[in-house]
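Spelled out, the chains give:
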Amino acid sequence: MSLKLDMLRCGQYVARRIAVPRRNWQSHHSQFRMLGTAAEKPQVSSSSGYLQFSFHNTVSTGNLKRTSLPNFWLRDNCRCSSCVHQDTAQRNFNTFEIPEDIRPSQVEANDKGVKVQWSGDAHESFYPWDFLDFYLRSDKRAPERVEAEYFGARGPQTSQGWPPSVKYGDFSANETETVGRLTDHIRRNGFAFITEVPIESAEPTEKLLEKIAFIRQTHYGGFYDFIPDLALADTAYTNIALGAHTDTTYFTDPAGLQAFHLLSHTDTTSKKDPGESLGGQSLLVDGFHAASILRKEDPKAFEVLSRVKLPWHASGNKGITISPDKPYPVLEVDESTGELHRVRWNNDDRGVVPFSNEHSPEEWYKAARKWNEILRRESIEYWFQLKPGNLLVFDNWRVLHGRSAFTGVRRICGGYINRDDFISRWRNTNYPRDEILKRIIG
Ligand SMILES: C[N+](C)(C)CCCC[C@H](N)C(=O)O
Ligand SMILES: O=C(O)CCC(=O)C(=O)O
Ligand SMILES: [Fe+2]
């Protein structure tokens, strides 16, 4: 029995499927030939354990990494409606019940891809050409390419497009689009403001953060609203200056986003003239920008800070002694891309620098001193005054924050959001679902 699709004019395909008696399925070929101009699609055949793809057109074999795909791997990657749970998108069969020697009993190529009838359970799978072509030319999917737009010291906050921001009112007009712009600013610039946020209470701020994702509960609570009263045992709850740092360095999974909304700052006790600054300026430092400078100016220091794994801790509060699952370096480089992936820097929460035969503590201090010097460069420090109504949200894996000392009662509210929930929300408000699924499933 053979089936032939209509032979249409140029740009279309002719495909023939010939039902192959089991005995000689190995020699089965499904001819797949494109009429007209486009490059010829490969011939598809089955041979011991693999689906073979033979390309005639030299052009299309340029960057091939392989010309065959394992049957078992293909069967495990069947995305048909019975193999993928239609309500949960989870795998809906037991991989390890697939016969290890599974092979096709029929293979049919058409203009959309390749249909495979599997022996044994006679299950039918379909593989679109872009899936097959991708894995013939690549090993694995990669996350979205995001060009980080570094920032440093900046002039007045009023210059066009700076600082990156969205308006509170935009959310009611179009929440998804506004969350998309907000999260994309944070992804590219490292931070963004939401302006014109109501300040009569902290409630609108909390509701705004929850439009990104749920707020992370920590030993500081969830949504935080604090003044310098040492309500909790951390210097954030004081009025002293804090150098540039990332928060929650002591968690295995540091908070992905952090937010600050200054609701009020009053000082009834100080002798200052009205209008004189009460202090409490805010500082942001682009850790990725600083690390790129370090990598250029002192590659050895960059290497030491990315190799020496350190202890981190939060142990000021009674009965709480938090530390991550293992020691972590200040700079974490993604070994598959060689790119900086995360900055973990809070010198007040850092533990003892370890001895090791790779890098001595002296080497680490030398490297950290250079890092600290870069972080404090005027060209790198972005100082500004937080104002009531402006909610700052930043990427705590990239951007460091700090403040100058202040007097009086300075009330700040905000929250932490997990990295994975932030990235999920950024993806779902900036990319089509099918593109996201390709990236995160493969
Ligand atoms: C007030 N708020 C909860 C935001 C911070 C609490 C202290 C954070 C700590 N110093 C750290 O660097 O992780
Ligand atoms: O008070 C500030 O501006 C920030 C304090 C701080 O570092 C924090 O709350 O994590
Ligand atoms: Fe902090």
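Rules and cut-offs
- Residues numbered from 1 in each chain as written.
- Chains lettered and ligands numbered in written order.
- Predicted model: local features only at pLDDT ≥ 70, side-chain atom pairs only at ≥ 80, totals over all residues.
- Heavy atoms only, no water.
- Salt bridge = Lys/Arg side-chain N within 4 Å of Asp/Glu carboxyl O.
- Helix = DSSP H or I, 4+ residues; strand = E, 2+ residues; numbered from the N terminus.
- Pairing = 2+ DSSP bridges.
- Axes fitted to C-alpha atoms, helices over the stretch in contact; angles between N-to-C directions.
- Contact = heavy atoms within 4.5 Å.
- Donors = N, O, S within 2.8 Å, 3.2 Å for Na, K, Ca; no water.
- Buried < 20%, exposed > 50% of the residue type's maximum accessible area, 1.4 Å probe, protein only.
- Domains from an automatic or database assignment.
- Near = heavy atom within 4 Å.
- Polar contact = N/O pair within 3.5 Å; in protein donor to acceptor, adjacent residues only side chain to side chain.
- Areas by Shrake-Rupley, 256 points an atom, 1.4 Å probe, with all protein chains shown as cover.
- 1 Å grid on protein atoms, 1.4 Å probe; cavity = no way out; pocket = protein on both sides within 12 Å on 5 of 7 lines; lining within 4 Å.
- Sits in = over half its atoms within 2 Å of the grid points.
- Parallel < 35°, antiparallel > 145°, perpendicular 65-115°, else oblique.
- Left-handed = near helix turned anticlockwise from the far one by under 90°.
- Core = buried A, V, L, I, M, F, W, Y, C linked by side-chain atoms within 4.5 Å.

**Comments concerning the pattern of salt bridges**
Pairing is possible between side chains of opposite charge, provided their charged atoms come close.
Item 1. Taken as a whole and judged by the stated rule, the model has 28 salt bridges.
Item 2. Notably, a salt bridge pairs R66 with D139, separated by 2.6 Å at the nearest N-O pair. With R66 in the loop between β6 (50-54) and β7 (68-70) and D139 in the loop between α2 (129-137) and β11 (165-167), this pair connects stretches of sequence that are 73 residues apart.
Item 3. It is possible to trace a salt-bridge network through shared partners that takes in E297, K370, E373 and R377.

**Observations concerning the sheet that holds strand β16 (residues 282-286)**
Item 1. Ordered by their spatial adjacency, four strands build an open sheet running β14-β21-β16-β19, and the pairing between neighbours is antiparallel. Bordering the open sheet on either side are β14 (242-245) and β19 (382-384), each of which pairs with just one other strand. For this sheet, the mean angle separating the axes of adjacent strands, direction not counted, is 15°.
Item 2. Those strands touched by helix α6 (residues 287-297) are β16 and β21 (399-403), and its axis lies near 50° from that of β16.

**Section: the coordination of the iron ion (ligand 3)**
Item 1. Around the iron ion (ligand 3), the protein contributes the donor atoms H245 (NE2), D247 (OD) and H401 (NE2), which lie 2.1 Å from the metal centre.
Item 2. Look at where the donors of the iron ion (ligand 3) fall in the sequence and you get H-x1-D-x153-H. Taken together, the residues span a long stretch of sequence, with D247 in the loop between β14 and β15 (257-266) and H401 in strand β21 at a distance of 154 residues. Taken as a pair, D247 and H401 share a single burial class, namely buried.

**Things to note about the domain arrangement of the chain**
Item 1. According to the domain assignment, the chain consists of domain 1 (36-139) and domain 2 (151-430).
Item 2. For domain 1 and domain 2, the distance between their C-alpha centroids amounts to 46 Å.

**Observations regarding the site of ligand 1**
Item 1. Around ligand 1 sit 15 residues in total, of which D234, D247, T248, Y250 and N346 are the nearest.
Item 2. A distance of 2.6 Å separates an oxygen atom of ligand 1 from a polar atom in the side chain of Y250.
Item 3. Take N346: an N or O atom from its side chain is 2.9 Å from an oxygen atom of ligand 1.
Item 4. Burial of ligand 1 by the protein chains amounts to 97% of its free accessible area of 380 Å².

**Section: the site of ligand 2**
Item 1. Lining the immediate environment of ligand 2, one finds F226, A236, L242, H245, D247, Q258, F260, H401, R403, R410 and I412.
Item 2. Contacts to ligand 2 include R403, whose side-chain N or O atom sits 2.8 Å from an oxygen atom.
Item 3. Surface burial for ligand 2 is 95%, taken as the share of its 300 Å² of free accessible area covered by protein chains.
Item 4. Taking a 2 Å distance to the grid points as the criterion, the majority of the atoms of ligand 2 fall inside the second largest pocket.
Item 5. Mapped by element, the contributors of at least two residues to the shell around ligand 2 are β14, β15, β21 and β22 (409-414).

**Quick word on the packing of helix α7 (residues 299-307) against helix α8 (residues 361-375)**
Item 1. Running from N to C, α7 and α8 point in directions that differ by 115°, and their axes come no closer than 9 Å. The angle between the axes of α7 and α8 places the two elements in the roughly perpendicular class. Between α7 and α8 lies a crossing of left-handed hand. Residues K300, A301, V304 and L305 of α7 pack against E363, W364, A367, A368 and W371 of α8.

**Structural notes on the nonpolar core**
Item 1. Judged by nonpolar contacts, the single largest core of 53 residues is most densely connected at L331, W364 and W371.
Item 2. The element that contributes the greatest number of residues to this core is α8, accounting for six residues.
Item 3. In this structure W364 touches V304, L305, V308, L310, V330, W345, N347, R350 and V353, once residues within four positions along its chain are discounted.
Item 4. By size, the runner-up hydrophobic cluster in this structure holds 26 residues, among which are F171, I194, L391 and I417.

**Things to note about the pairing of β15**
Item 1. Judged by how many residues are buried, β15 sits mostly within the fold: eight of 10 residues are covered.
Item 2. Sheet analysis places β15 next to strand β20 (residues 391-395), joined by five bridges and oriented antiparallel. Bridged to Q258 within β20 is F394.
Item 3. For β15 and β22, the ladder comprises five bridges, and the chain directions are antiparallel. Considered in β22, the bridge of S264 is made with R411.

**Some points on the sheet that holds strand β10 (residues 124-128)**
Item 1. In space, the three strands of this open sheet follow the order β8-β9-β10, with antiparallel pairing throughout. Each of the sheet's edge strands pairs with one partner strand only, and the pair in question is β8 (104-109) and β10. When strand polarity is set aside, the average angle formed by the axes of neighbouring strands in this sheet is 20°.
Item 2. Two strands pair when backbone bridges link them, and β8 and strand β9 (residues 113-118) are joined in this way by five bridges, in the antiparallel orientation. Note on β9: the bridge partner recorded for P104 is W118.
Item 3. The strands touched by α2 within the sheet are β8, β9 and β10, with β10 carrying the most contacts at an inclination of about 70°.

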